[in-house]
Amino acid sequence: MIDLHTHTNKSDGTDSPRELVNKAISLGITLLGITDHDTTSGWAQAAETVRGSIGLALGSEISCLTNDGVSVHMLALLFNGEHKEMQIMLEETRDGRLPRMRKMIEKMRAAGIDISMDDVEAARPDGAVLGRPHLADALVNKGIIKSRDEAFQGMLNNGSAFYVSHAAPTPVDAIAMICAAGGVAVIAHPFASHRGQTLQAADFSDLVAAGLHGIEVDHRDQNPDERAMLRNIANELGLVVTGASDYHGNGKLNSLGEFQTAPDQWERLESLADQRRVVRA
Ligand code: AMP
Ligand code: ZN
Ligand code: FE
Ligand code: FE
């Protein structure tokens, strides 16, 4: 069982890296991708926890923004975690998340919603990359809404008046950086239309020219039609097809292993990295 896209409490998941790896082992997952938003800070604890036959594909889900303002998530797997420029790129995105959160809070306060940066900080686990889910948790803690899900269906949605984007690399720049760091680039849930504006089929050729290796096709946020379109695009462009849960612990309904990647697709993807980097006991 291969699940290439999961989150821990180093970003907006709720399990520690140790808990996540232990859960994956008990579920019989053979290869687990750990892809916290814009950070590699969970890698060391995850690697320490490895035992038995599980392998880890350590990575990150890089927040990107196209020049037209479309939000894109790029999965970076099997790259060199010590690549300087990559770490600087991730750090710049993380740094942009604080002023962005302040702006969202300001807008909410202006609308009479009683929420502060302190409330959000209280909801964010130590060292976690700050994101909208922590604002959602703060709103839940104050009794303003019932769940993260409710927040993303309403006031924290990309289309909401309270939404503010943060500085981020373009998908092309992120892909180039992933390749420079020796890793593989898989575009995450590209047709997840309920999250906001998405890329068009015609946009993929530029990403392939930049070095894109794969497309995340099987993901709960893409319906069967969207998956079929993506599978066609992948076939036409010679890209690897992946599937994954995007597990966030208790933060989302997604359960670990609910979507998977076929072993032959994984083997092809792994062979495209510059080194063998799967972490094993
Ligand atoms: P941000 O990176 O701060 O813009 O926040 C985006 C994050 O919110 C993504 O990682 C999603 O996983 C998460 N998210 C999106 N929709 C939902 C939802 N319905 N419930 C919980 N988390 C969500
Ligand atoms: Zn997330
Ligand atoms: Fe994502
Ligand atoms: Fe994700």
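A. Quick look at the pairing of strand S3 (residues 55-65). Among the 11 residues in S3, 10 count as buried, and that is most of the element. Sheet analysis places strand S2 (residues 31-37) next to S3, joined by 7 bridges and oriented parallel. Among the inter-strand pairings, Leu 32 is bridged to a residue of S3, identified as Leu 56. Regarding the hand of the β-α-β motif, the stretch spanning S2, helix H2 (residues 43-49) and S3 is right-handed. The pairing of S3 with strand S4 (residues 71-77) spans 7 bridges and is classified as antiparallel.

B. Structural context of the site of ligand 1. Contacts to ligand 1 come from 13 residues, most closely from His 37, Arg 100, Arg 132, Asp 149 and Lys 252. Here ligand 1 has 500 Å² of accessible area as a free molecule, and 91% of this is covered by the chains. Those elements that place two or more of their residues in the shell around ligand 1 are helix H3 (84-110), helix H5 (132-141) and helix H6 (148-153). Here the residues of the shell around ligand 1 sort into 2 nonpolar, 4 polar and 7 charged. Both domains that furnish three or more residues to the shell around ligand 1 are identified here as domain 1 (2-95 + 167-271) and domain 2 (98-153).

C. Spatial organisation of the coordination of the iron ion (ligand 3). Taken together, Glu 61 (OE), His 73 (ND1) and His 189 (NE2) make up the full set of protein donors to the iron ion (ligand 3), lying 2.0 to 2.2 Å away. In terms of primary sequence, the donors binding the iron ion (ligand 3) are separated according to E-x11-H-x115-H. Between the two metal centres, the iron ion (ligand 3) and the zinc ion (ligand 2), the spacing is 5.7 Å. Placement of Glu 61 in strand S3 and of His 189 in the loop between strand S5 (184-188) and helix H8 (204-210) is noted, with a sequence separation of 128 residues between them. For Glu 61, a relative accessible area of 1% corresponds to the buried category.

D. How the structure looks around the packing of aromatic side chains. If you walk through the whole model with that rule in mind, you get 2 aromatic pairs. Judged by centre distance (5.1 Å) and plane angle (55°), the ring pair of Trp 43 and Phe 79 falls under tilted. Residue Trp 43 is found in helix H2, and its partner Phe 79 is found in the loop between S4 and H3; the two are separated by 36 residues along the sequence. Judged by centre distance (6.0 Å) and plane angle (85°), the ring pair of Phe 191 and Phe 204 falls under edge-to-face. Within this pair, whereas Phe 191 is found in the loop between S5 and H8, its partner Phe 204 is found in helix H8, the two being separated by 13 residues in sequence. Residues Phe 191 and Phe 204 agree in their burial class; the two are buried.

E. Focus on the environment of Glu 258. Structurally, Glu 258 can be placed in the loop between strand S7 (240-243) and helix H10 (263-271). Every residue in contact with Glu 258, bar those within four places of it in the chain, is listed here: Arg 220 and Ser 245. Reaching out from Glu 258, the side chain makes a polar contact with the side chain of Arg 220 at a distance of 2.8 Å.

F. A look at unusual backbone geometry. Despite not being glycine, Asp 38 has its phi angle at roughly 55°, a positive value. Note on placement: Asp 38 falls in the loop between S2 and H2. Classification of Asp 38 by relative accessible area gives buried; the value is 0%. In the Ramachandran plot, Asp 246 falls in the positive-phi region, its phi being about 60° despite a non-glycine side chain. Checked against the element boundaries, Asp 246 lands in the loop between S7 and H10.

G. Inspection of the coordination of the iron ion (ligand 4) at higher detail. At this site the iron ion (ligand 4) is bound by His 5 (NE2), His 7 (NE2), Glu 61 (OE) and Asp 246 (OD), with donor distances of 2.1 to 2.2 Å. If you look at the iron ion (ligand 4), its 4 donor atoms make angles of 76 to 162° with each other, and the shape they trace is irregular. In primary sequence terms, the donor set of the iron ion (ligand 4) follows H-x1-H-x53-E-x184-D. A separation of 4.5 Å is found between the iron ion (ligand 4) and the zinc ion (ligand 2). Of this pair, His 5 sits in the loop between strand S1 (2-3) and helix H1 (17-27) while Asp 246 sits in the loop between S7 and H10, placing them 241 residues apart in sequence. The buried category is assigned to Asp 246, whose relative accessible area is 2%.

H. Geometry of the packing of H3 against helix H7 (residues 171-180). At their nearest, the axes of H3 and H7 sit 9 Å apart, and the two run at 145° to each other. With respect to the hand of their crossing, H3 and H7 are arranged in left-handed fashion. On H7, the residues that touch Glu 85, Met 86 and Met 89 of H3 are Ala 174, Met 177 and Ile 178. Considered class by class, the residues forming the contact of H3 with H7 number 5 nonpolar, no polar and 1 charged.

Rules used in this analysis
Residues numbered from 1 in each chain as written. Chains lettered and ligands numbered in written order. Predicted model: local features only at pLDDT ≥ 70, side-chain atom pairs only at ≥ 80, totals over all residues. Heavy atoms only, no water. Buried < 20%, exposed > 50% of the residue type's maximum accessible area, 1.4 Å probe, protein only. Helix = DSSP H or I, 4+ residues; strand = E, 2+ residues; numbered from the N terminus. Pairing = 2+ DSSP bridges. Right-handed = clockwise from strand over helix to strand, strands pointing away. Near = heavy atom within 4 Å. Areas by Shrake-Rupley, 256 points an atom, 1.4 Å probe, with all protein chains shown as cover. Nonpolar A, V, L, I, M, F, W, Y, C, P; charged D, E, K, R; others polar. Domains from an automatic or database assignment. Donors = N, O, S within 2.8 Å, 3.2 Å for Na, K, Ca; no water. Phe/Tyr/Trp six-rings, centres within 6.5 Å; stacked < 30°, edge-to-face > 60°. Contact = heavy atoms within 4.5 Å. Polar contact = N/O pair within 3.5 Å; in protein donor to acceptor, adjacent residues only side chain to side chain. Tetrahedral: all angles 85-135°; square planar, octahedral: opposite > 155°, others 65-115°. Axes fitted to C-alpha atoms, helices over the stretch in contact; angles between N-to-C directions. Left-handed = near helix turned anticlockwise from the far one by under 90°.

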